[in-house]
Protein chains: 2
Amino acid sequence: MILLKDLEKNYEKYIDKDIEVAGWIKNSRFQKKLGFIELHDGTQFKPIQIVVDSNLANFEEVSKLHLSSAIIVNGKLVSTPNAKQKYEIQAKEIVVEGKSSDDYPLQKKRHTFEFLRTLLHLRSRTNTFNAVFKVRSELSYAIHKFFNERGFVYVHTPIITASDAEGAGEMFEVSTLDLNNLPKDKDGNVDFSEDFFGKKTNLTVSGQLQVESYAMSHRNVYTFGPTFRAENSNTPRHAAEFWMIEPEIAFAELEDVCNLAEDMVRYIIKYVLEKCPQEMEFFNKFIDKGLIERLEKVSNSDFKKMTYTEAIEVLEKADVKFDYPVKWGIDLQTEHERYLSEKIANGPVFITDYPKEIKAFYMKLNEDGKTVAATDLLVPGIGELIGGSEREYRYDVLLDKIKDAGLNPEDYSWYLDLRKYGTAKHGGYGLGFERMIMYLTGMTNIRDVIPFPRTVGHCEY
Amino acid sequence: MILLKDLEKNYEKYIDKDIEVAGWIKNSRFQKKLGFIELHDGTQFKPIQIVVDSNLANFEEVSKLHLSSAIIVNGKLVSTPNAKQKYEIQAKEIVVEGKSSDDYPLQKKRHTFEFLRTLLHLRSRTNTFNAVFKVRSELSYAIHKFFNERGFVYVHTPIITASDAEGAGEMFEVSTLDLNNLPKDKDGNVDFSEDFFGKKTNLTVSGQLQVESYAMSHRNVYTFGPTFRAENSNTPRHAAEFWMIEPEIAFAELEDVCNLAEDMVRYIIKYVLEKCPQEMEFFNKFIDKGLIERLEKVSNSDFKKMTYTEAIEVLEKADVKFDYPVKWGIDLQTEHERYLSEKIANGPVFITDYPKEIKAFYMKLNEDGKTVAATDLLVPGIGELIGGSEREYRYDVLLDKIKDAGLNPEDYSWYLDLRKYGTAKHGGYGLGFERMIMYLTGMTNIRDVIPFPRTVGHCEY
């Protein structure tokens, strides 16, 4: 048996020879004595055409198969120089592996993405979702490959945690207590000492703090795992469960962090364009016209840089009415971010040195005392793609920042230890994996780039 | 600045030239006018020797630095053909990036693994844990590489789920309800309709059922992600949070599943031996003598096969007193598994076709009506490394098996759909990632191969 992806690479070798393929019927049209089946085997985007004539022993049976039936085909591969496809199979034997029922819900007509979200177990059989999840897979590999080639150590930071990395996340609690029969302490509150871990625990919102400890032992490290936000946001950009990539590099400053992010973005765009040409062509044609050209441009251009203060000046001068008024100190909104990357930079742009008040406690305080060495990478069509910073590596300054943020230094004693036992300048960034898939495919709803999305009120399968 | 791993590859090029390196002091000895520092930069296992003499401007300061202080060194790389190491640096300038405090808890003496478990944020600086987590990283990459090269699509199955893959796991619940103020329904039970997802949800115990739906669209797929068991087991082999690799292949039978597992195990052993020579030598010398020879043998030998029924016969005849008595129908215990792989197979062995009563509902019923097409791969020193099966692909048989297992067919309607709309023979296996790391390194406690282990009563950091 041969896979379609392997056949595509070496088809000349098999011309006029008998081969065996297997897959699912994507499309078929049958006349009295002749039929054509488009067979998809999942190993590449394109199906193969199977020609069936009435000499086939079970021609009748095959002609009546519903879409998505599974078959195993033996036949001769023939060259078809005048047709759209380069080759087809003239079937000699077709084994029906699994008939599809006549109520198969994905018929030939186009279905809305919304409808397909009700069929998460079947939608990956459609062109769009087949392509999305192939790109998702190759993108994931590209990221691992990028970091591995550079000697980064992949650290699996914990999913269940007793700390809150940002000091502000809305979190999911994790427990084995019987909620209908909770143990109580003497004040009538839930007694978490009887829980599995002997304390209150939750799902991680970021692996950054933990991965920093590995940057102090392995120098260049990254984490790539699921993260969780219990935000009650029903938007096309929010999911409760998503994957995040967080590299962390030691003996490094903000500029090194920006350079790493830029190298990574360029690398993974090139990788996906090269490894998924059929899928990217599909997106370019049916989902987001101009996608490939835009990505190619980004992968070949230098990213621009601008301080937050410069960005505010630009926005204040802009000939545009923003919904959110602009002044120094505000958190940039998506409308501002898109204006900066689309109208000013005309491509990806790093904004650096944000006011300390709007950024997390662990970011390095700049010498001006007002800003921190943070950066966001903004890209056209999306806004923020990556957020990073140099970390505060000075023990005393970090301790003050923890206190100023209203956090308890005791909860961060291990994090402070990293500044006590051989601290080094270091920094890193976070990239939302799904946001990157959306950027690469032109898909506009995060629910459509996650195999089994979890959002408010939705946890099916 | 150059990384030690890059220097090691091309050191001849830099001999007698000035270079800059950075890292942490692993060891140092100082005389009045001369000092030697072993500097570790995290990019390779081996440190580099820095020679410091009293001409150095801050010789005094450097001579007093505590272990693990971070420094940046400029100096000349010189060849040392008569020494243990091939080269060293004669320091011209040393910048102290971060002093380590004198209460640094990892002193030169050997610490027990148990003690180091209380310092999860620092233990990766020790030789053993530095090596373990480098191997963990390379092993993870080897697994992705193996599947990617074969065209497998990586599917991120969900972490939060409303279903229980095995029908029997002990699970962690996930909730955003205020446990001190739970909403109740009219019968006084917790009202999960007010929870984030509108229902009771938990952490996944396996991504297998979900990934099967992708085998029906992308043919060869795998998932590799965190899984959870809330088992109250305080043993060296159990963790509440661990990572699992679960490939699933379509148009495939049990033999294909075994072949895939065998190919993968051989591939990843070879990969890690090749990519982590310094680390593997360390394990071979200090953790598990004979490790490398054993692994090399496994990576070059064919795995044996034996049916469960044959295995029981062998065990019944064995000249050994087992704690658990042997008869057809029992679940094999680790003592039995080790006997079979160590004494009988003298290497890895697949046991196949287990009694249906001791295996999960989704495994394919064999024609004898008594056994299922399941397999466990047993290896010396560990016992079960991999568990897999061909899945029941026949709608009616699966429906009966779901009912026989006391499960509600409605909860599995989507899973049954996969057998209704073009079913195909398929199967896969699960590999516990941490168990594989233990097998490769000789480490014997699962807590020592997870960066931040979660076990009963332990959820630190």
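Residues numbered from 1 in each chain as written. Chains lettered and ligands numbered in written order. Predicted model: local features only at pLDDT ≥ 70, side-chain atom pairs only at ≥ 80, totals over all residues. Heavy atoms only, no water.

## Remarks on the overall build of chain A
Applied cut-off: Numbering goes from the N terminus for both helices and strands, where a helix is a DSSP run of H or I of at least four residues and a strand is a run of E of at least two. Only protein chains enter the calculation, and the probe is 1.4 Å; a residue is then buried if its accessible area is under 20% of its type maximum, exposed if over 50%, and partly exposed in between. The contact definition used throughout considers only heavy atoms, calling two residues in contact when any of these lie within 4.5 Å. The protein chains shown are the only cover counted for residues, whose accessible areas, like all others here, come from Shrake-Rupley with a 1.4 Å probe. Counting rule applied: Lys, Arg positive; Asp, Glu negative; His and chain ends not counted. The atoms used to mark charge sites are NZ of Lys, CZ of Arg, CG of Asp and CD of Glu.
Summing up its helical and strand segments, chain A has 13 helices and 16 strands in all. Counting over 461 residues, chain A shows a buried share of 61%. Residue pairs in contact within chain A that sit at least 24 positions apart in sequence constitute 66% of those at least 6 positions apart. Of the roughly 18800 Å² of accessible surface on chain A, 45% is carried by carbon and sulfur atoms. Across chain A, the mean location of the 60 positive side-chain charges is 6 Å away from that of the 72 negative side-chain charges.

## As for the interface of chain B and chain A
A common way to report how large an interface is uses the accessible area buried once the components associate. Put simply, the test is: Throughout, buried area stands for the accessible area (probe radius 1.4 Å) lost by two parts on being put together, summed over both. By convention in these notes, a salt bridge is any Lys or Arg side-chain nitrogen within 4 Å of a carboxyl oxygen on Asp or Glu. N or O atoms closer than or at 3.5 Å make up a polar contact, with two conditions inside protein: a donor-capable atom paired with an acceptor-capable one, and, for residues adjacent in sequence, both atoms drawn from side chains. Amino acids are sorted into nonpolar (Ala, Val, Leu, Ile, Met, Phe, Trp, Tyr, Cys and Pro), charged (Asp, Glu, Lys and Arg) and polar (every other residue, Gly among them). Being paired, for any two strands, means DSSP has found at least two bridges between them.
Tallying the contact residues gives 114 residues for chain B and 114 residues for chain A. Roughly 9300 Å² of surface becomes buried between chain B and chain A when both sides are summed, with 61% attributable to carbon and sulfur atoms. Counting the contacts that link chain B with chain A gives four salt bridges. For A:Asp103, the salt bridge identified is with B:Lys420, shortest N-O distance 3.2 Å. On the surface where chain B and chain A come into contact, there are 46 residue pairs in polar contact (both at pLDDT 80 or more). For the side of chain B that touches chain A, the element with the highest residue contribution is helix H4 (residues 127-149) of chain B, accounting for 12 residues. The class makeup of the residues in the side of chain B that touches chain A is 53 nonpolar, 39 polar and 22 charged. Pairing analysis gives three bridges linking strand S8 (residues 173-175) of chain A to strand S8 (residues 173-175) of chain B, with the strands arranged antiparallel. The partner of A:Glu173 across the bridge, within S8(B), is B:Ser175.

## Focus on the sheet that holds strand S7 (residues 160-161) of chain B
Spatially, six strands are ordered S7(A)-S9(A)-S8(A)-S8(B)-S9(B)-S7(B) in an open sheet, and the strand pairing comes out antiparallel. Where the open sheet ends on each side, the last strands, each with one partner, are strand S7 (160-161) of chain A together with S7 of chain B. Inspection of the sheet shows S8(A) paired to strand S9 (residues 201-203) of chain A by two bridges, in the antiparallel sense. By the bridge assignment for S9(A), A:Val174 is matched with A:Thr201.

## Structural notes on the packing of helix H9 (residues 308-317) of chain A against helix H10 (residues 334-344) of chain A
Residue and element names in this part refer to chain A. Put simply, the test is: Think of each axis as a best-fit line through the C-alpha atoms, taken over the contacting stretch in the case of a helix, with angles from 0 to 180 degrees between the N-to-C directions. These descriptions rest on fixed angle ranges, namely under 35 degrees for roughly parallel, over 145 for roughly antiparallel, 65 to 115 for roughly perpendicular, and the rest for oblique.
The geometry of H9 relative to H10 is characterised by a closest axis approach of 11 Å and an angle of 85 degrees between their N-to-C directions. One element, H9, and the other, H10, form an angle in the roughly perpendicular class. Contact residues: H9 offers Ala-311, Val-314 and Leu-315, while H10 offers His-336, Tyr-339, Leu-340 and Ile-344.

## Re helix H8 (residues 291-300) of chain B
Residue and element names in this part refer to chain B. How we decide: Comment: arc refers to directions from the helix axis out to C-beta atoms.
Among the residues making up H8, those that are buried are Leu-291, Ile-292, Leu-295, Val-298 and Ser-299. Each buried residue of H8 sits inside an arc of 130 degrees when the element is viewed along its axis, so together they form one side. Projecting away from the buried face of H8 at angles above 90 degrees are the exposed residues Glu-293 and Asn-300. The elements touched by buried residues of H8 are helix H6 (254-275), helix H7 (277-287) and helix H13 (433-441).

## Observations regarding the packing of aromatic side chains
Residue and element names in this part refer to chain A. Quick reminder of the rule: Between rings of Phe, Tyr and Trp, where Trp is taken as its six-membered ring, a pair exists when centres lie within 6.5 Å; planes separated by under 30 degrees are stacked, by over 60 edge-to-face, and by other angles tilted.
Tallying each qualifying case throughout the model produces 68 aromatic pairs over all chains. For the ring pair Phe-45 and Phe-282, a centre distance of 5.2 Å and an interplane angle of 55 degrees mean the geometry is tilted. In this pair, Phe-45 sits in the loop between strand S2 (34-40) and strand S3 (48-53) while Phe-282 sits in helix H7 (residues 277-287), placing the two residues 237 residues apart along the sequence. Here the aromatic rings of Phe-361 and Tyr-412 are separated by 5.3 Å at their centres, their planes lie at 70 degrees, and the arrangement is edge-to-face.

## Observations regarding the relation of the copies chain B and chain A
Worth spelling out the cut-off: Alignment of the copies relies on least squares applied to C-alpha atoms, considering only residues that score at least 70 for pLDDT in both.
Rotating chain B by 180 degrees and moving it 0.0 Å along the rotation axis overlays it on chain A with an RMSD of 0.0 Å. Such a turn and shift between the copies fits a two-fold axis. Of every C-alpha in chain B, the one belonging to B:Val174 sits nearest the axis of rotation, 2.4 Å from it. Take the interface residues of chain B: 100% of them recur as interface residues in chain A, which is what a same-surface contact looks like.

## A few points about unusual backbone geometry
In this structure, A:Phe251 takes a positive phi of about 55 degrees despite not being glycine. In this fold, A:Phe251 is placed in the loop between strand S11 (241-250) and helix H6 (254-275).

## Thoughts on the sheet that holds strand S5 (residues 87-98) of chain A
In sheet architecture, strand pairing relies on hydrogen bonds along the backbone and comes in two forms, parallel and antiparallel. All names here are of chain A. Spatially, S1-S2-S3-S5-S4 is the arrangement adopted by the five strands of the closed barrel, whose pairing is mixed. Averaged over all neighbouring strand pairs, the angle between strand axes comes to 55 degrees, with direction disregarded. The pairing of strand S4 (residues 70-79) with S5 spans 10 bridges and is classified as antiparallel. Bridging across to S5, Val-78 finds its partner in Glu-88.

## What about the environment of B:Leu120?
All names here are of chain B. Counting through the fold element by element, Leu-120 comes out in the loop between helix H3 (113-116) and H4. Taking relative accessible area as the criterion, Leu-120 reaches 2% and is therefore assigned buried. Beyond its immediate stretch of four places on either side in the chain, Leu-120 contacts Pro-451, Phe-452, Pro-453 and Tyr-461.

## Side note on the environment of A:Gln210
Secondary-structure assignment places A:Gln210 in helix H5 (residues 208-218). Since its relative accessible area comes to 3%, A:Gln210 is described here as buried. Through-space distance from the C-alpha of A:Gln210 to that of A:Ile351 is 26 Å; in sequence the pair is 141 residues apart. Setting aside its immediate chain neighbours within four residues, A:Gln210 contacts A:Thr157, A:Pro158, A:Thr161, A:Ser163, A:Trp414, B:Phe452 and B:Tyr461.

## Considerations on the side chain of B:Ser101
Relative to the elements of secondary structure, B:Ser101 occurs in the loop between strand S5 (87-98) and H3. Reaching out from B:Ser101, the side chain makes a polar contact with the side chain of B:Asp103 at a distance of 2.5 Å. Residue contacts for B:Ser101: discarding those within four places in its chain leaves A:Lys420, A:Tyr421 and B:His66.

## Examining the pattern of salt bridges
All names here are of chain A. Following the criterion strictly, the structure yields 54 salt bridges over all chains and no others. Where Glu-262 meets Arg-266, a salt bridge forms, and the shortest distance between an N and an O atom there is 2.8 Å. One end of the pair is Glu-262 and the other is Arg-266, both in helix H6 and four residues apart, which spans about a single turn. Residue classification places Arg-266 among the buried residues on the basis of a relative accessible area of 18%. When salt bridges with common partners are traced through the structure, they connect Glu-262, Asp-263, Arg-266 and Asp-302 into a single cluster.

Just distances and angles here, no functional claims.
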